[in-house]
Structure formats: C-alpha cells, structure tokens
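# Fold and geometry: a report
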Amino acid sequence: DAKTTQPPSMDCAEGRAANLPCNHSTISGNEYVYWYRQIHSQGPQYIIHGLKNNETNEMASLIITEDRKSSTLILPHATLRDTAVYYCIVRDAGNMLTFGGGTRLMVKP
Amino acid sequence: GAVVSQHPSWVICKSGTSVKIECRSLDFQATTMFWYRQFPKQSLMLMATSNEGSKATYEQGVEKDKFLINHASLTLSTLTVTSAHPEDSSFYICSANNRQGADYGYTFGSGTRLTVV
C-alpha cells in the first residue's frame, strides 16, 4: 500500500505558485520522498526527491517538514503545461515505488 | 539525464496471441527494472520487479505464467503478455533503477498501450 496521502485534485491560476501537499506520517528515517508527475497517456516524469533537507531544482522545490511527516511540492510559476497528476511517493524498504492516487493539478488561464 | 526507452508505444493484438514489450535503459545500467500496469483513470499498479539474471518477483494477484518477464542484461527487460484477452488491455509502463550510492533514481519509460480485440 502507498504510504502517502494527497488531495485528489487542486486548481491553480497560470503564473501563480502551485503548492501540492503530501502526508507521509509513517515514513521511516531512511526513506526518501519522491515526486513524479504524469501527463495523460505518458510515463511518469521525475520531478524531485529528498530525504530531510529542502531541495530545489529547475522544475520545482520540495519542502519537507522537520519531523518528515509531510512535504510540499512547489511549482513556482505554474503554466498550462504543468496540468498533470502529481504523485508523492515514499520509497519503501524493497526500493520500490508504490504509487498512490496522486493529485490532479489543473492549471487554469 | 537517464533515459528509458520503451516500445512499442501502442499495440493492438487479437485475443489469444502474445505480445512482447521491451524496456531499455539507454545510458545507464539498471540492475533492477519494474513493470507497472495502469487502467483508465487509475494510478499505476506495480506488477513485478525484475533483477538482471534472476527470476522476477511478482506482486500478489499477478499471474507469472501470463506476464513473462525477462531481464537478460543490465539494459534490457521484456514483458510478454501471453494469450492476451480483452481484460489485459491496459497501459503498461516500465521503470529502471539507476542507483548512485545510497540514492536511487527511477526513470520511467513512455508506456505501451495494449488493446486486445
């Protein structure tokens, strides 16, 4: 079973920041948090991952709470092409990625 | 960055025939590859984990004799759907593990849409 919970859907205005929350209250100390997104009928695209510290790359920022029980993915300036399903995943002990339901982000003009 | 090539991107086959899907890591060696299945409007479901040179590990409820997985090299894994039936119609996606020390990268293929008629 997936170890994360996410809101099923969110809307965001084009050009504004999209903040996608994820709850992973049962995460263990050495488990990483991964974020992927999937645009319709394509394979998941890697966005970012982290363990404890906040991370930033050219696509997004990942903010992990100090207790590591939740995280937030931030798309700083959402565009229409960011409309997708966003998955927050905790890599398990078997080093597999188990997908939950994800958040369907709709970026609106 | 790491690239995983999956093909075919789509295939239509007759009921009772077999279909092979290939997954290749193009610029890295993948000791572990994963196969997922995704039905419309649902999330990805892990079917099996394949390790190079050994038998695949299947998730509960996935028939190993129906979904044959071969991981003969560090860059190639194949999934064969044997005696396909309409209920096997789905979007199949592979993923390859690109390990760098204690950190793991997972790169996904573009998926294969299988339609069994």
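First, a word on scope: everything that follows refers to the structure included in this document. (Residues numbered from 1 in each chain as written. Chains lettered and ligands numbered in written order. Predicted model: local features only at pLDDT ≥ 70, side-chain atom pairs only at ≥ 80, totals over all residues. Heavy atoms only, no water.)

What follows is about unusual backbone geometry. Leaving glycine aside, a negative phi is the common case for residues, and trans is the common case for peptide bonds. Put simply, His7(B) and Pro8(B) share a cis peptide bond, and its omega is 5°. As for its placement among the helices and strands, Pro8(B) is situated in the loop between strand 1 (4-7) and strand 2 (10-13). Of note in this structure, Arg68(A) is not a glycine but carries a positive phi near 65°. Turning to its location among the elements, Arg68(A) is positioned in the loop between strand 6 (61-64) and strand 7 (70-75). Given a relative accessible area of 7%, Arg68(A) falls into the buried group. Located in the positive-phi region is Ser83(B), a residue other than glycine, with phi close to 45°. Owing to a relative accessible area of 34%, Ser83(B) belongs among the partly exposed residues under this scheme. (Helix = DSSP H or I, 4+ residues; strand = E, 2+ residues; numbered from the N terminus. Buried < 20%, exposed > 50% of the residue type's maximum accessible area, 1.4 Å probe, protein only.)

Attention now moves to the sheet that holds strand 3 (residues 19-25) of chain B. All names here are of chain B. With antiparallel pairing, the four strands of this open sheet are ordered in space as 1-3-8-7. Both edges of this open sheet fall to strand 1 and strand 7 (67-73), since each of them pairs with a single strand only. Across this sheet, the average inter-strand angle for adjacent strands is 15°, counted without regard to direction. Sheet analysis places strand 7 next to strand 8 (residues 76-81), joined by five bridges and oriented antiparallel. Of the residues in strand 8, the one forming a bridge with Ile69 is Leu79. (Pairing = 2+ DSSP bridges. Axes fitted to C-alpha atoms, helices over the stretch in contact; angles between N-to-C directions.)

To continue, consider the interface of chain A and chain B. In many analyses, interface size is given as the accessible surface area lost on bringing the parts together. Listed per partner, the contact involves 17 residues of chain A and 20 residues of chain B. Together, the buried faces of chain A and chain B total about 1500 Å²; carbon and sulfur atoms form 51% of this surface. Viewed at the interface, chain B and chain A are joined by zero salt bridges. Along the contact surface separating chain A from chain B lie six residue pairs in polar contact (both at pLDDT 80 or more). Sort the elements by how many residues they give to the side of chain A that touches chain B and strand 3 (residues 33-38) of chain A lands first, with three residues. Across the side of chain A that touches chain B, the residue classes break down as eight nonpolar, eight polar and one charged. (Contact = heavy atoms within 4.5 Å. Buried area = accessible area lost by both parts, 1.4 Å probe. Salt bridge = Lys/Arg side-chain N within 4 Å of Asp/Glu carboxyl O. Polar contact = N/O pair within 3.5 Å; in protein donor to acceptor, adjacent residues only side chain to side chain. Nonpolar A, V, L, I, M, F, W, Y, C, P; charged D, E, K, R; others polar.)

This part is about the pairing of strand 9 (residues 103-108) of chain A. Residue and element names in this part refer to chain A. Only one face of strand 9 is buried: it carries Thr103, Leu105 and Val107, and the other face, with Arg104, Met106 and Lys108, is open. Pairing geometry for strand 1 (residues 9-13) and strand 9, over five bridges, is parallel. Following the sheet pairing, Ala13 is matched in strand 9 by Lys108. Sheet topology places strand 8 (residues 84-90) next to strand 9; three bridges connect them, and they run antiparallel. Among the inter-strand pairings, Val85 is bridged to a residue of strand 9, identified as Arg104.

All right, on to the state of the cysteines then. Here the structure, examined in full by the defined rule, presents two disulfides over all chains. The partner cysteine of Cys22(A) in its disulfide is Cys88(A), sulfur to sulfur 2.0 Å. Measuring handedness by torsion sign, the sulfur bridge of Cys22(A) and Cys88(A) sits at about -80° and is left-handed. Of this pair, Cys22(A) sits in strand 2 (residues 18-23) while Cys88(A) is found in strand 8, placing the two residues 66 residues apart along the sequence. Judged by its relative accessible area of 3%, Cys22(A) is buried. The partner cysteine of Cys23(B) in its disulfide is Cys94(B), sulfur to sulfur 2.0 Å. Because the torsion about its S-S bond is 80°, the bridge between Cys23(B) and Cys94(B) counts as right-handed. Within this pair, whereas Cys23(B) is found in strand 3, its partner Cys94(B) is found in strand 9 (residues 90-100), the two being separated by 71 residues in sequence. (Disulfide = S-S within 2.5 Å.)

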